[in-house]
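Tertiary structure, described
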Amino acid sequence: MNVIETRELGKTYGQTRALHDCNLAIPDRHMVALVGPNGAGKTTLLNLTVGLALPTAGEITVLGGRRAGSLAALDGIAFVAQNAPLYRNLSAAELIHETRNLNRRFDERYATRRLDELAIPLKRKAGTLSGGQQAQLALTLALARRPRLLVLDEPMASLDPIARDDFMTTVLRAVVEDGVSVVLSSHVLAELERVADYLVVVSHGGIQVAGEVEELLAAHRTLTGPASGSEQYARGWDVVHATTAGQQAQLLVRTGHPSEPVPPGWNTRAVTLEELTMAYLREPGTAATPSSANRWDEATEVTR
């Protein structure tokens, strides 16, 4: 089952194309890292997923084919937006009560127990809690709905390192213990590398790369060799991104198999998730193929 599936999905706001030609199929039971620069279309994609926006082109379904935004879909999705928006003048207990009344399924016992474990007072107003406590309260309300898909849009942007770690520990526990699928939008690549097993890179309103992290890493590698021969060797490789520094060149390439022969005088190594992500962010829509090696000069950054 795919928890999110899109076909030629597009969204425009006035004259601005926020998302276009988006084709995506994310299988369930994954921790998905959604990565992209500001204005890339990440939040638009998440809003379409949870039904806060309607597509202007194509279609999007969730949870095995349910129309995004439908009652059947909303019953199975929980959403925590950036800065964990809460009614600041309501206490934690009042927020639990209101959330229970607004949802057909809500585990009040779980929510109360979890806040007790986190030492978050039920009588404290949300606006008086620390940033970390507010984030945990918002996450607790979301998980108490017992979702099949949890969507997180930069929920940890304002948290300190300890609060971030506590937040992610809770999310990972939900994945492992309850089988919840998670889509997490974040700018912190090192953090995502630690937890994500599925990657989606969005840039300029389009999907640049998507897939299982292990498979993506196995299908890419870094070549390092003399800059003088880099253009020649680039023609034989599917280059995603290239850089030169003095007499040395570095190519991040797609490869059919890790054991493919390396050009003489060149070294190869595996790529990290951060390197892979940055390469696709730097070269959106221009990943080279053997037939398009003439883009080598355009794709090369020269450091003097």
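Just so we're clear, the structure is a prediction, and the values are computed from it rather than from any experiment. (Residues numbered from 1 in each chain as written. Predicted model: local features only at pLDDT ≥ 70, side-chain atom pairs only at ≥ 80, totals over all residues. Heavy atoms only, no water.)

This part is about the overall build of the protein. If you tally the helices and strands in the protein, you get 11 helices and 15 strands. Out of the 304 residues belonging to the protein, those deemed buried represent 49%. Across the protein, contacts joining residues at least 24 apart in sequence account for 70% of those joining residues at least 6 apart. Within the structure as shown, the protein displays about 14800 Å² of accessible surface, and the carbon and sulfur contribution to it stands at 50%. (Helix = DSSP H or I, 4+ residues; strand = E, 2+ residues; numbered from the N terminus. Buried < 20%, exposed > 50% of the residue type's maximum accessible area, 1.4 Å probe, protein only. Contact = heavy atoms within 4.5 Å. Areas by Shrake-Rupley, 256 points an atom, 1.4 Å probe, with all protein chains shown as cover.)

So, about the sheet that holds strand S4 (residues 57–62). Sheet architecture is open: four strands sit in the order S2-S1-S4-S5, paired in antiparallel fashion. This sheet does not close on itself; its edge strands, each paired only once, are strand S2 (16–27) and strand S5 (66–67). Of the pairings in the sheet, the one linking strand S1 (residues 2–13) to S4 comprises five bridges and is antiparallel in character. Bridging across to S4, glycine 10 finds its partner in alanine 57. (Pairing = 2+ DSSP bridges.)

Moving on to the confidence of the model for the protein. Across the protein, the average pLDDT comes to 85, with 88% of residues at or above 70. Scored below 50 in pLDDT, residues 286–304 shows 39 contacts in the model against residues more than four places distant or in partner chains. (pLDDT = per-residue confidence, 0-100.)

Within the open sheet, the six strands sit side by side as S6-S7-S8-S3-S9-S10. Their pairing is mixed. Two strands lie at the open edges of the sheet, namely strand S6 (77–80) and strand S10 (206–212), each paired on one side alone. Strand-to-strand twist of the sheet, defined as the mean angle between neighbouring strand axes without regard to direction, takes the value 15 degrees. Both strand S9 (residues 198–203) and S10 contribute to a ladder of six bridges, which runs antiparallel. The residue of S10 that forms the bridge with valine 201 is valine 209. Relative to strand S7 (residues 149–153), helix H1 (residues 42–50) is tilted by about 150 degrees, and along the sheet it contacts strand S3 (31–35), S6, S7, strand S8 (181–185) and S9. Against the sheet, helix H10 (residues 273–282) touches S3, S9 and S10, its axis set at about 25 degrees to S9. (Axes fitted to C-alpha atoms, helices over the stretch in contact; angles between N-to-C directions.)

Structurally, leucine 139 is set in helix H5 (residues 131–143). Taking the C-alpha atoms as reference points, leucine 139 and valine 171, 32 residues apart in sequence, are found 8.3 Å from one another. In this structure leucine 139 touches Val80, Arg114, Leu150, Leu152, Phe167, Thr170 and Val171, once residues within four positions along its chain are discounted.

With the rule as written, the count across this model stands at zero aromatic pairs. Above the plane of the ring of tyrosine 110 lies arginine 146, whose end atom (NZ or CZ) is 4.4 Å from the centre. (Phe/Tyr/Trp six-rings, centres within 6.5 Å; stacked < 30°, edge-to-face > 60°. Lys NZ or Arg CZ within 6 Å of the ring centre and 35° of its normal.)

A few words now on the nonpolar core. Side chains of nonpolar character tend, in soluble globular proteins, to be buried together. With 54 residues, the main nonpolar core has Leu137, Leu150, Leu152, Phe167, Val182 and Leu199 as its most contacted residues. Counting residues per element, this core draws most heavily on H5, which supplies seven residues. Dropping the residues within four chain positions of it, leucine 137 is found in contact with Leu86, Ala92, Leu95, Leu115, Ile120, Ala126 and Leu129. Counting 27 residues, the second-largest nonpolar core is a separate cluster that includes Cys22, Val62, Ala73 and Val202. (Core = buried A, V, L, I, M, F, W, Y, C linked by side-chain atoms within 4.5 Å.)

Let us look at the pairing of S4. As paired elements, S4 and S5 share two bridges and run antiparallel to each other. Bridge assignment links threonine 61 to a residue of S5, and that residue is arginine 67. A loop of three residues connects S4 with S5, the two strands running antiparallel in sequence, and leucine 63 in this loop sits at a positive phi of about 50 degrees.

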